[in-house]
Amino acid sequence: MDEAPLTGPDAGLVRYLKWLVTTLTVTMIVGLVVLIAVVVMRLNETPGQSFPDEIALPDGAAATAITRGSDWIAVVTDDDRILIYDTTGQTLRQEIAVD
């Protein structure tokens, strides 16, 4: 079952398809390597900002929610107040009563 080699326009088409498949394979391998590298770099990133270990809440107040801004920390308490602290969580900057 020997097949005769392709000649004429079919040979050019086969070479072109072979080139396309090779290019697609290389492109997919490079894309996969880039994707893996991006995921690894994102997982190894250190967080930009963190919360302090302790926040000095007033007596009798319990935190129900907390958020962080660029230079402040806001704590929503169970007695309907929003307490704004500095980034250390020790100095109360502002207190807002929620109606």
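Located above this text is the structure these notes cover.
Residues numbered from 1 in each chain as written. Predicted model: local features only at pLDDT ≥ 70, side-chain atom pairs only at ≥ 80, totals over all residues. Heavy atoms only, no water.

1. So, the overall build of the chain
Okay, so step 1: Across its full length, the chain holds one helix and four strands.
Okay, so step 2: Its helices and strands in sequence order give the chain the pattern α-β-β-β-β, from N to C terminus.
Okay, so step 3: Overall, the C-alpha framework of the chain stretches about 90 × 30 × 25 Å when taken along its three principal axes.
Okay, so step 4: The contacts of the chain with a sequence gap of at least 6 include a subset with a gap of at least 24, amounting to 16%. (Helix = DSSP H or I, 4+ residues; strand = E, 2+ residues; numbered from the N terminus. Contact = heavy atoms within 4.5 Å.)

2. Some thoughts on the sheet that holds strand 4 (residues 92-97)
Okay, so step 1: In space, the four strands of this open sheet follow the order 1-2-3-4, with antiparallel pairing throughout. Each edge of the sheet is formed by a strand with only one pairing partner; in this case those strands are strand 1 (63-68) and strand 4. For this sheet, the mean angle separating the axes of adjacent strands, direction not counted, is 20°.
Okay, so step 2: Here five bridges tie strand 3 (residues 81-85) to strand 4, and the two strands are oriented antiparallel to one another. Residue pairing across strands places Ile82 opposite Ile96, the latter belonging to strand 4. (Pairing = 2+ DSSP bridges. Axes fitted to C-alpha atoms, helices over the stretch in contact; angles between N-to-C directions.)

3. Digging into the pairing of strand 1
Okay, so step 1: Of the pairings in the sheet, the one linking strand 1 to strand 2 (residues 73-77) comprises five bridges and is antiparallel in character. Note that in strand 2 the partner of Arg68 across the bridge is Ile73.
Okay, so step 2: Hairpin connection from strand 1 to strand 2: four residues lie between these consecutive antiparallel strands.

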